[in-house]
Amino acid sequence: MLGFRKLKNQAQQPTPPVESTPGGEARYLVSDKKYRARRVASPLRLLGNLLIVFGLLLLLGIGGWYGFTEWSNKQYVAEVEKKFGSEAFEPSIEATPKPTIAALPTPIPLPVLSGTSIATQMGTILNTPVPVAVDNSPPVRLYIPSVKIDTKVVPVGWNMIPAPGGGVKSEWQVADYAVGHHAGSANPGEKGNVVLSGHVDYKGQVFKDLNKVNKGDEVVMYTEKGQYIYVVTDLKIVREEGVSDAQKRENAKFMDPTKDLTLTMITCWPYGIDTHRLIVIAKPYQSALSTQSEFKIR
């Protein structure tokens, strides 16, 4: 019975018309368009199935990558909160940071009076402060040994771009293959805020490992005249994408001038998503050591 059914099914399948050649061989008639179309459709159907499988695998890969990234980001947030406190993530920003370096009193020179002794005049000269040369040259290199960041520093300004509702707004430039020193911010050694920014996942990725710094890590800033050593004191993560303009202005306060010597390094976070800003704050080496007892001397 099964054999009969098999033969019956085979008989129902269409077969191409043939004709006999002078040599006794069968040859398909070229006029059978349906049969020719069926032969052409077979490899196309196979190709379509392969593309569908490839698309499914691609979707699974992208979904897995985003899932792993989300898990990795949560692990990093927990690590940051453990090292820097719960206020490190989405922090409230103080308008006026507290200075960490006490201002030294300016010595008052004694007047040199006519008719006084040589010793008195020499004492007056010795008590007169000697002018100190100030290095006000911009930074040219940034080195963070703990995370192996070693890159040149170049000056950057800002671009004027269209704003929603008309008008224009300013947007800071980001240097390619280098760290950018924001125009108008302080230079190393000057009182104020040295503001640096760099790409995390684009054109050089100079700040790719900035998120790995720890409190107490050294940061070395080089100028054409010398070097300045800072120590990481704080780390903040603020959301930049999908927030109001008011929140963005609050985030921008990290770039405001400060009353003390400060170094502020800014990049995007997380890697490849860039919805937040990672902000690392450092203070001069000696002043940071004097105010932070948990720091280790290297």
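Look above for the structure.
If you're wondering where the values come from, they're calculated on a predicted model, not measured in any experiment. (Residues numbered from 1 in each chain as written. Predicted model: local features only at pLDDT ≥ 70, side-chain atom pairs only at ≥ 80, totals over all residues. Heavy atoms only, no water.)

**Some details on the overall build of the chain**
Along its length, the chain carries 5 helices and 12 strands. Within the span of the chain, comprising 298 residues, buried residues form 30% of the whole. Taking contacts inside the chain between residues at least 6 apart in sequence as the whole, the part at least 24 apart equals 63%. A total of about 19900 Å² of accessible surface is found on the chain, and carbon and sulfur atoms cover 59% of it. (Helix = DSSP H or I, 4+ residues; strand = E, 2+ residues; numbered from the N terminus. Buried < 20%, exposed > 50% of the residue type's maximum accessible area, 1.4 Å probe, protein only. Contact = heavy atoms within 4.5 Å. Areas by Shrake-Rupley, 256 points an atom, 1.4 Å probe, with all protein chains shown as cover.)

**Things to note about the environment of Pro145**
Mapping Pro145 onto the fold places it in the loop between strand 3 (139-144) and strand 4 (149-156). Each C-alpha atom of the pair Pro145 and Val213 lies 9.7 Å from the other, and the pair is 68 residues apart in sequence.

**Some remarks on the pattern of salt bridges**
Scanning the model with the defined rule gives 6 salt bridges in all. One salt bridge connects Lys212 with Asp209, and the closest N-O pair in it is separated by 3.3 Å. Ionic pairing is found between Glu250 and Lys253, a salt bridge with its closest N-O pair at 2.9 Å. Taking the relative accessible area as the measure of exposure, Glu250 reaches 28% and is therefore partly exposed. Overall, the relative accessible area of 30% leaves Lys253 in the partly exposed class. (Salt bridge = Lys/Arg side-chain N within 4 Å of Asp/Glu carboxyl O.)

**A closer look at the sheet that holds strand 10 (residues 227-239)**
Pairing is mixed in the closed barrel, where 8 strands are placed in the order 3-4-7-8-11-12-10-9. The mean angle between the axes of side-by-side strands here comes to 30°, regardless of whether they run parallel or antiparallel. Where strand 3 lies against strand 9 (residues 218-223), 4 bridges are found, and the strand directions are antiparallel. Each bridged residue has a counterpart across the sheet, and for Pro139 the counterpart in strand 9 is Thr223. (Pairing = 2+ DSSP bridges. Axes fitted to C-alpha atoms, helices over the stretch in contact; angles between N-to-C directions.)

**Looking at the side chain of Lys283**
Assignment of secondary structure puts Lys283 in strand 12 (residues 276-284). On the accessibility criterion, Lys283 (11% relative accessible area) is buried. Within the structure, the side chain of Lys283 is placed 2.8 Å from the side chain of Thr262, a separation counted as a polar contact. (Polar contact = N/O pair within 3.5 Å; in protein donor to acceptor, adjacent residues only side chain to side chain.)

**As for the nonpolar core**
Counting 29 residues, the largest nonpolar core has Leu142, Ile144, Leu196, Leu210, Leu235, Leu263 and Met265 as its most contacted members. Taken together, the elements giving at least two residues each to this core come down to helix 2 (33-84), strand 3, strand 4, strand 8 (192-197), strand 9, strand 10, strand 11 (261-269) and strand 12. Not counting the four nearest positions on each side in its chain, Leu196 is found in contact with Leu142, Val153, Val179, Gly180, His181, Met221, Leu263, Thr264, Met265 and Ile266. Val238, Phe254, Ile266 and Ile279 belong to the second largest nonpolar core, which has 6 residues in total. (Core = buried A, V, L, I, M, F, W, Y, C linked by side-chain atoms within 4.5 Å.)

**Some words on the packing of aromatic side chains**
Tallied over the full model, the rule gives 1 aromatic pair. When the centroid spacing of 5.2 Å and the interplanar angle of 80° are considered together, the rings of Trp158 and Trp172 count as edge-to-face. Of this pair, Trp158 sits in strand 5 (residues 158-162) while Trp172 sits in strand 6 (residues 168-172), and the two are 14 residues apart along the sequence. Trp158 gets classed as partly exposed once you look at its relative accessible area, which sits at 45%. Overall, Trp172 belongs to the partly exposed group, its relative accessible area being 31%. Over the ring of Tyr143 we find Arg141, and its NZ or CZ is 5.6 Å from the ring centre. (Phe/Tyr/Trp six-rings, centres within 6.5 Å; stacked < 30°, edge-to-face > 60°. Lys NZ or Arg CZ within 6 Å of the ring centre and 35° of its normal.)

**Observations concerning the environment of Val231**
For Val231, the position within the fold is in strand 10. Exposure remark for Val231: the relative accessible area of 1% places this residue in the buried category.

**Comments concerning unusual backbone geometry**
Here the residue pair Trp269 and Pro270 is connected by a cis peptide bond, since its omega of -5° sits within 30 degrees of zero. Here Pro270 shows up in the loop between strand 11 and strand 12. Located in the positive-phi region is Lys203, a residue other than glycine, with phi close to 40°. Structurally, Lys203 is set in the loop between strand 8 and strand 9. One non-glycine residue, Asp274, lies in the positive phi region at around 60°. Along the chain, Asp274 turns up in the loop between strand 11 and strand 12. Judged by its relative accessible area of 24%, Asp274 falls in the partly exposed class.

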